[in-house]
Number of protein chains: 6
Amino acid sequence: MPYVNIKITEEAVTNEQKNKLIAGVTSLLQETLGKNPKTTMVIIDEINIDNWGLAGLSVRDYREVLAKQPA
Amino acid sequence: MPYVNIKITEEAVTNEQKNKLIAGVTSLLQETLGKNPKTTMVIIDEINIDNWGLAGLSVRDYREVLAKQPA
Amino acid sequence: MPYVNIKITEEAVTNEQKNKLIAGVTSLLQETLGKNPKTTMVIIDEINIDNWGLAGLSVRDYREVLAKQPA
Amino acid sequence: MPYVNIKITEEAVTNEQKNKLIAGVTSLLQETLGKNPKTTMVIIDEINIDNWGLAGLSVRDYREVLAKQPA
Amino acid sequence: MPYVNIKITEEAVTNEQKNKLIAGVTSLLQETLGKNPKTTMVIIDEINIDNWGLAGLSVRDYREVLAKQPA
Amino acid sequence: MPYVNIKITEEAVTNEQKNKLIAGVTSLLQETLGKNPKTTMVIIDEINIDNWGLAGLSVRDYREVLAKQPA
């Protein structure tokens with residue numbers, strides 16, 4: 001019965017990777033809480049990096065700031 | 001005042017069908033709880049079948065498994 | 001396969017009313033899009049009226065403003 | 001630590017406007033609750049006007065009704 | 001940067017189990033997509049079984065129907 | 001027409017603070033995108049610190065780790 005929503009940045013995520021996320025989180029819920037995979041629903045949202053913000057910046061700008069910081 | 005989010009698979013849903021969902025759920029809330037349609041908000045998300053998982057599989061793979069099962 | 005999230009204000013909604021919402025939206029999706037009730041998931045969130053805002057006010061204050069307006 | 005999801009209609013919103021929303025809501029949470037901008041996450045969803053309903057109508061139809069009403 | 005929302009039924013889930021879900025999904029995202037655990041956010045919602053519907057029934061009623069079915 | 005969902009940790013947030021968040025985000029959307037406050041909906045979810053994860057830990061454990069780090 002669980003419902004899981006995974007939001008990730010829209011960056012060429014392959015179907016294989018999506019399948020891994022779906023299978024992985026379904027198994028995690030089965031192992032941890034004994035949830036039935038047959039009624040475990042997973043939805044993956046891919047979000048444009050201009051539509052996602054962290055530390056007051058869009059991810060695009062946030063990464064630019066990070067890139068300029070000394071290693 | 002209700003807010004309703006309907007997630008369905010992205011499969012050529014027509015505007016007419018969307019309007020039916022919006023009108024239908026708005027009436028349901030009015031009849032069941034006396035909610036005011038004017039402040040009833042409905043958002044429909046259409047999700048790619050590779051981004052939706054059930055029983056540990058993407059909907060694409062889930063349907064392939066179903067198709068192979070004896071009728 | 002649909003997923004529906006219904007958010008309503010937390011105001012003594014009965015289980016009977018919740019069942020009506022669950023059954024009603026499941027039938028609506030079956031009639032409108034031919035969706036299988038067995039994999040239609042509905043979640044109802046009941047939100048405190050101080051945690052819900054409209055027109056820049058909490059629902060509590062919004063209703064007070066409405067109540068003061070001439071009929 | 002806050003998570004904010006802003007849903008707006010999909011109507012040519014610029015990156016500059018999105019940045020303003022991200023920065024603005026992050027500051028609001030810092031000023032109001034002392035939340036750390038570094039762990040404040042904001043996601044903006046842009047919704048097609050045929051996928052958004054109000055008063056039982058899609059936003060497209062809702063606006064047509066409004067436009068026909070006497071000023 | 002991922003955001004994960006896990007909705008489960010409200011049935012005495014322990015903090016240990018919640019920690020396992022948080023750690024598990026964070027590792028899954030790191031292994032599958034190389035996501036940074038430091039900015040991976042997970043929120044677990046526990047939903048009352050009268051507020052969760054499947055197959056047109058609340059989970060409470062759904063389980064009663066299942067229990068009456070021949071093994 | 002915007003819909004905003006703000007998730008914060010459940011830590012004695014006052015109604016006054018909630019009102020500030022509701023009013024603040026409504027004004028932000030009006031100033032930034034010209035959105036009509038009357039149809040701007042805001043929902044605030046308060047999440048238990050054991051139900052919120054960051055860096056693979058619950059917020060409770062995350063804060064304990066932070067507290068042990070040299071200033």
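Analysis parameters
- Residues numbered from 1 in each chain as written.
- Chains lettered and ligands numbered in written order.
- Predicted model: local features only at pLDDT ≥ 70, side-chain atom pairs only at ≥ 80, totals over all residues.
- Heavy atoms only, no water.
- UniProt positions renumbered as here; feature names shortened; annotations may be inferred.
- Phe/Tyr/Trp six-rings, centres within 6.5 Å; stacked < 30°, edge-to-face > 60°.
- Helix = DSSP H or I, 4+ residues; strand = E, 2+ residues; numbered from the N terminus.
- Buried < 20%, exposed > 50% of the residue type's maximum accessible area, 1.4 Å probe, protein only.
- Contact = heavy atoms within 4.5 Å.
- Polar contact = N/O pair within 3.5 Å; in protein donor to acceptor, adjacent residues only side chain to side chain.
- Least-squares fit on C-alpha atoms with pLDDT ≥ 70 in both.

Under an unreviewed UniProt entry, the name given to chain A is Tautomerase, and the organism recorded is Trinickia dinghuensis. Its UniProt record gives chain A a comment under Sequence similarities (unreviewed entry), which states: "Belongs to the 4-oxalocrotonate tautomerase family."

*Asks:* Teacher, can you tell me more about the packing of aromatic side chains here?
*Replies:* One pass over the structure, following the stated rule, counts three aromatic pairs over all chains. Ring centres of Y3 of chain B and Y3 of chain F lie 3.7 Å apart, and the angle between their planes is 5 degrees; on these two criteria the pair is classed as stacked. Residue Y3 of chain B is found in strand β1 (residues 3–9), and its partner Y3 of chain F is found in strand β1 (residues 3–9); the two belong to separate chains. The pair formed by Y3 of chain B and Y3 of chain F is uniform in burial state, with each residue classed as buried.

*Asks:* Mind showing me how you'd approach the UniProt feature "active site" (unreviewed entry) in chain A here?
*Replies:* According to UniProt, the feature "active site" (unreviewed entry) maps to P2 of chain A in the numbering used here. With respect to the helices and strands, P2 of chain A occurs in the segment before β1 (3–9). Apart from residues lying up to four places away in sequence, P2 of chain A is in contact with L29, K35, T39, T40 and M41 of chain A, M41 of chain C together with K7, I8 and W52 of chain E.

*Asks:* How do you make sense of the environment of N51 of chain D when you look at a structure like this?
*Replies:* Secondary-structure assignment places N51 of chain D in the loop between β2 (41–47) and β3 (52–54). Since its relative accessible area comes to 5%, N51 of chain D is described here as buried. It is 9.1 Å that separates the C-alpha atoms of N51 of chain D and T9 of chain D, two residues lying 42 residues apart in sequence. Beyond its immediate chain neighbours, meaning those up to four positions away, N51 of chain D contacts K18, V42, I43, I44 and E46 of chain B. Of the polar contacts made by the side chain of N51 of chain D, one reaches the side chain of E46 of chain B; its length is 2.9 Å.

*Asks:* Looking at this model, I keep getting lost on unusual backbone geometry. Mind explaining?
*Replies:* What you tend to see is this: most non-glycine residues have negative phi, and most peptide bonds are trans. All names here are of chain A. With a phi close to 50 degrees, A12 is a non-glycine residue in the positive phi region. Within the element layout of this structure, A12 appears in the loop between β1 and α1 (15–33). A positive phi angle is found at A55, which is not glycine, with a value near 55 degrees. Relative to the helices and strands, A55 resides in the loop between β3 (52–54) and β4 (57–58). Exposure remark for A55: the relative accessible area of 25% places this residue in the partly exposed category.

*Asks:* I tried to follow the relation of the copies chain E and chain A on my own but got confused; where do I start?
*Replies:* One copy of the chain maps onto the other through a rotation about an axis plus a displacement along that axis. For the match of chain E to chain A, the screw axis carries a shift of 0.0 Å, the RMSD comes to 0.0 Å, and the turn is 180 degrees. Put plainly, the chains are arranged around a two-fold axis. Considering only C-alpha atoms, the part of chain E nearest the rotation axis is N5 of chain E, at 2.5 Å. Looking at the interface residues of chain E, 100% of them are also at the interface in chain A, so both copies use one shared face.

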